[in-house]
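# A look at the structure
Residue-level listing of the chains:
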Amino acid sequence: MASGVQVADEVCRIFYDMKVRKCSTPEEIKKRKKAVVFCLSPDKKCIIVEEGKEILVGDIGVTVTDPFKHFVQMLPEKDCRYALYDASFETKESKKEELMFFLWAPELAPLKSKMIYASSKDAIKKKFQGIKHECQANGPEDLNRACIAEKLGGSLVVAFEGCPV
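Let us look at the structure shown here.

Basis of the calculations
Residues numbered from 1 in each chain as written. Predicted model: local features only at pLDDT ≥ 70, side-chain atom pairs only at ≥ 80, totals over all residues. Heavy atoms only, no water. Buried < 20%, exposed > 50% of the residue type's maximum accessible area, 1.4 Å probe, protein only. Helix = DSSP H or I, 4+ residues; strand = E, 2+ residues; numbered from the N terminus. Arc of directions from axis to C-beta. Contact = heavy atoms within 4.5 Å. Polar contact = N/O pair within 3.5 Å; in protein donor to acceptor, adjacent residues only side chain to side chain. Pairing = 2+ DSSP bridges. Core = buried A, V, L, I, M, F, W, Y, C linked by side-chain atoms within 4.5 Å. Phe/Tyr/Trp six-rings, centres within 6.5 Å; stacked < 30°, edge-to-face > 60°.

### A short note on helix α1 (residues 9-19)
Of the residues making up α1, those classed as buried are Val11, Ile14, Phe15 and Met18. Projected onto a plane normal to the axis of α1, the buried residues spread over an arc of 100° and lie on a single side. Those residues of α1 that are buried are in contact with β1 (6-7), β2 (33-40), β3 (46-56), β4 (81-91), β5 (95-104) and α4 (111-127).

### What about the side chain of histidine 133?
One can find histidine 133 in strand β6 (residues 133-137). Here histidine 133 falls in the buried class, since its relative accessible area comes to 10%. Within the structure, histidine 133 has its side chain in polar contact with the side chain of glutamate 98 (distance 2.4 Å). In terms of polar contacts, histidine 133 uses its side chain to reach the backbone carbonyl oxygen of lysine 151, at 3.2 Å. Beyond its immediate sequence surroundings of up to four residues, histidine 133 is in contact with Glu98, Leu99, Met100, Phe101, Lys151 and Leu152.

### A word on the pairing of β4
In terms of burial, β4 is a largely internal element, 9 of the 11 residues being buried. Alignment of β4 against β5, held across 10 bridges, turns out to be antiparallel. Bridging across to β5, alanine 83 finds its partner in phenylalanine 102. Strand direction decides the pairing type here: β4 and strand β7 (residues 157-160), joined by 3 bridges, are antiparallel. Residue pairing for β7: glutamate 90 is matched across the bridge by alanine 159.

### Side note on the nonpolar core
What tends to happen in soluble globular proteins is that the nonpolar side chains get buried as a cluster. In terms of nonpolar packing, the biggest core is built from 25 residues, with Val11, Phe38, Ile47, Tyr82, Ile124 and Phe128 touching the most fellow members. For this core, the secondary structure elements donating two or more residues are α1, β2, β3, β4, β5 and α4. In this structure isoleucine 124 touches Val7, Val11, Phe38, Ile47, Tyr82 and Phe101, once residues within four positions along its chain are discounted. If you look at the next biggest cluster of nonpolar residues, it comprises 23 residues, including Ala35, Phe68, Ala87 and Ile148.

### Concerning the packing of aromatic side chains
Enumeration over the complete set of coordinates arrives at 11 aromatic pairs. Each ring, one from phenylalanine 15 and one from phenylalanine 128, has its centre 4.6 Å from the other, and the planes form 20°; the classification is stacked. Here phenylalanine 15, found in helix α1, pairs with phenylalanine 128, found in the loop between α4 and β6; they are 113 residues apart in sequence, far enough to count as distant. Their ring planes at 40° and their centres at 5.9 Å tell us that phenylalanine 68 and phenylalanine 71 sit as a pair that is tilted. Of this pair, phenylalanine 68 and phenylalanine 71 both sit in helix α3 (residues 67-74), 3 residues apart, roughly one helical turn. Judged by relative accessible area, which is 0%, phenylalanine 71 ranks as buried. Within the aromatic cluster, the residues linked to one another by ring pairs are Phe15, Phe38, Tyr82, Phe101, Tyr117 and Phe128.

Honestly, that's just the spatial picture; any functional story needs more than this.
Structure, rendered in structure tokens:
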């Protein structure tokens, strides 16, 4: 079911910037987004970037020690969100970085919010061409490292964000 919700141009631009990794200077790399949270506009007609809800690569090791833990803490306890996370993980053969799309719909979120976010998911996913990994999380238990490693490649994943799984 489509909700008629639009996706803001800024959301599409952020996705493109996260997806396309150009050869960058160290300063440009620090400004690259590691994670971004998206929400519905106050009138519920457009998916927008949630103000202040991002992690930059340059924040890691400075103001953010564990980027995934920080990402999980950015998600509201009682409302839904969409998010992009640039996951770093290792398989037995290689190190990889791949984007993950999240639909966060916690148990404590209002039913109306869950319905709007669920019915608007296709609108944002159509704009996010090439996403390999998608995760719907209904609580913090769905966002532990083992669950995420399973989504990224199952038993082939040996480490996620530098931590063994």
